[in-house]
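Residue strings, one per chain:
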Amino acid sequence: MNTAPEEGAWILGPPPGLAHLPRLYCFANAGGSAEAFRLWQSRLTESLAVCPVELPGRGRRTGEDFCATLTQAAAAAAASISAAGRQPYCLFGHSLGSVLALETARSLARLGHPPARCVFLSGRVAPHICDESPRLHAGSDAELIAEMRRLGGTQEELLADPAFLEFFLPIVRDDYRLLETYTPSVAPKISAPIHVCCGDADADAPPALLRHWDELSDASCRITLFRGGHFYINTEQDALLSYIGQTYRACA
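Presented here is an overview of the structure given in this document.

Let's shift gears to the nonpolar core. Core analysis: the biggest nonpolar cluster contains 40 residues, and W10, Y25, L70, L91 and W213 have the highest contact counts within it. Broken down by secondary-structure element, the contributors of at least two residues to this core are β3 (23-27), α2 (70-83), β5 (89-94), α3 (96-110), β6 (119-122), α6 (162-180) and β7 (194-199). If sequence neighbours within four positions are ignored, W213 has contacts with S98, L102, L121, R124, V125, A126, P127, I194, V196 and C221. Formed by 34 residues, the second largest nonpolar core is a distinct cluster that contains W40, I145, V172 and Y248.

Tallied over the entire structure, the rule returns eight aromatic pairs. Taking the centre distance of 4.9 Å and the plane angle of 90 degrees together, the rings of F37 and W40 count as edge-to-face. In this structure, F37 and W40 share a single accessibility class: buried. Among the aromatic residues, those joined into a cluster by ring pairs are F120, F226, Y232 and Y243. The ring of W10 carries R61 above its face, with NZ or CZ at 4.7 Å from the centroid.

Here we come to the layout of surface pockets. Put simply, the largest pocket is a space of about 1100 Å³. Lining the largest pocket we find 46 residues, and of these N29, A30, L151, H230 and F231 sit closest to its centre. Contributions of two or more residues to the lining of the largest pocket are made by α4 (141-151), α6 and α8 (232-235). Ranked by the residues each element gives to the lining of the largest pocket, the list is headed by α6, at seven residues. Among the residues forming the lining of the largest pocket, the class breakdown is 22 nonpolar, 14 polar and ten charged.

So, about the packing of α4 against α6. Contact geometry for α4 and α6: axes closest at 11 Å, N-to-C directions at 80 degrees. The angle between α4 and α6 places the two elements in the roughly perpendicular class. Only L165, F168, L169, V172, R173 and Y176 of α6 make contact with α4, whose side of the interface consists of D141, L144, I145, E147, M148 and L151. A breakdown of the residues in the contact of α4 with α6 according to their chemical character gives nine nonpolar, no polar and three charged.

Below, the discussion takes up unusual backbone geometry. The residue after G13, namely P14, is reached through a cis peptide bond having omega 0 degrees. Mapped onto the elements, P14 comes out in the loop between β2 (11-12) and β3. Backbone geometry at S95 places phi at a positive 60 degrees, although glycine is not the residue there. Within the secondary structure, S95 sits in the loop between β5 and α3.

With that settled, consider α2. With 14 residues, α2 should cover 20 Å at 1.5 Å per step; its first-to-last C-alpha distance of 20 Å lies within 8% of that length. Buried within α2 are the following residues: L70, A73, A74, A77, A78, S80 and I81. For α2, the angular spread of the buried residues around the axis is 165 degrees, confining them to a single face. Those residues of α2 that are buried lie in contact with β2, β3, β5, α3 and α6.

Spatial strand order, β4-β3-β5-β6-β7-β8: six strands in an open sheet with parallel pairing. Unpaired on one side and paired on the other, β4 (49-52) and β8 (221-226) mark the two borders of the sheet. Shown here is a sheet whose adjacent strand axes are inclined to one another by a mean of 20 degrees, direction ignored. The sheet contact formed by β3 and β5 spans five bridges and is parallel. In the strand pairing of β5, R23 is matched with Y89. Where α3 meets the sheet, its contacts fall on β3, β5 and β6, and the angle it forms with β5 comes to roughly 145 degrees. Helix α9 (residues 237-251) contacts β3, β5, β6, β7 and β8 of the sheet and is inclined by roughly 155 degrees relative to β8.

Glancing now at the environment of V50. Tracing the backbone through its elements, the reader meets V50 in strand β4. Put simply, V50 and G31 are 19 residues apart on the chain and 20 Å apart in space, counted from C-alpha to C-alpha.

This paragraph deals with α9. For α9, which comprises 15 residues, the first-to-last C-alpha distance of 21 Å matches the rise-based estimate of 21 Å (1.5 Å per residue) to within 8%. Every buried residue of α9 is listed here: Q237, L240, L241, Y243, I244, G245, T247 and Y248.

To continue, consider the pattern of salt bridges. Taken as a whole and judged by the stated rule, the model has twelve salt bridges. A salt bridge links D174 to R177, with the nearest nitrogen and oxygen atoms 2.7 Å apart. Of this pair, D174 and R177 both sit in helix α6, three residues apart, which is roughly one turn of that helix. A single network of salt bridges, built from pairs that share partners, joins R58, D174, D175 and R177.

Calculation rules
- Residues numbered from 1 in each chain as written.
- Predicted model: local features only at pLDDT ≥ 70, side-chain atom pairs only at ≥ 80, totals over all residues.
- Heavy atoms only, no water.
- Core = buried A, V, L, I, M, F, W, Y, C linked by side-chain atoms within 4.5 Å.
- Buried < 20%, exposed > 50% of the residue type's maximum accessible area, 1.4 Å probe, protein only.
- Helix = DSSP H or I, 4+ residues; strand = E, 2+ residues; numbered from the N terminus.
- Contact = heavy atoms within 4.5 Å.
- Phe/Tyr/Trp six-rings, centres within 6.5 Å; stacked < 30°, edge-to-face > 60°.
- Lys NZ or Arg CZ within 6 Å of the ring centre and 35° of its normal.
- 1 Å grid on protein atoms, 1.4 Å probe; cavity = no way out; pocket = protein on both sides within 12 Å on 5 of 7 lines; lining within 4 Å.
- Points joined across faces, edges and corners; volume = space filled by probe spheres on them.
- Nonpolar A, V, L, I, M, F, W, Y, C, P; charged D, E, K, R; others polar.
- Axes fitted to C-alpha atoms, helices over the stretch in contact; angles between N-to-C directions.
- Parallel < 35°, antiparallel > 145°, perpendicular 65-115°, else oblique.
- Expected span 1.5 Å × (residues − 1).
- Arc of directions from axis to C-beta.
- Pairing = 2+ DSSP bridges.
- Salt bridge = Lys/Arg side-chain N within 4 Å of Asp/Glu carboxyl O.

Pasting the structure below:
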């Protein structure tokens, strides 16, 4: 995706020629970066401008100090989104990113910014019903690698590459720190409709528990399952992006 930094380094986009479109602000999973959304724009060009959010210490911001807390990261992302203008927008977050998207929506409300047209929360049950143990951010490298292997989404040859792990594991560890030191709450509720998206084989996000996202919004909550596990967003990317585009057009 050909994007440029917008409002500082927090947001990439909108892509050239698409500034007139409503925006889809995207938050990646643990260990992810804006690069995770590089291919999304080609499927959404007629409806949304894809604008990934880049946390410090990741992707193009490698070398910057990590954020102190998840809520601090969300507040900074919200400030950049608000400073970019009041054009219509949606939020998308996968796994860790779903919690960041939720807290960003709350921070935007505190800033008096208009609510998102819809909020897509992917690959995770609602944070207020989660038990974040074991404390992976304080565990060994071997435990982190085992968790990455369990979830999938990282090629096995990379997990066996010492140079890759030396660079990547501190980022993954910090993402788990953000999540595992975060204190969830059911309040304040957000005003935007929530669309929960998950893989039907994701053992960490059983359908029976996904309904609890409804407790975090004053608007509606809809659950949609896709084929696959935790990283269905890769294997079912076309189906997910078609759903996002259609859902936005329906709520616009």
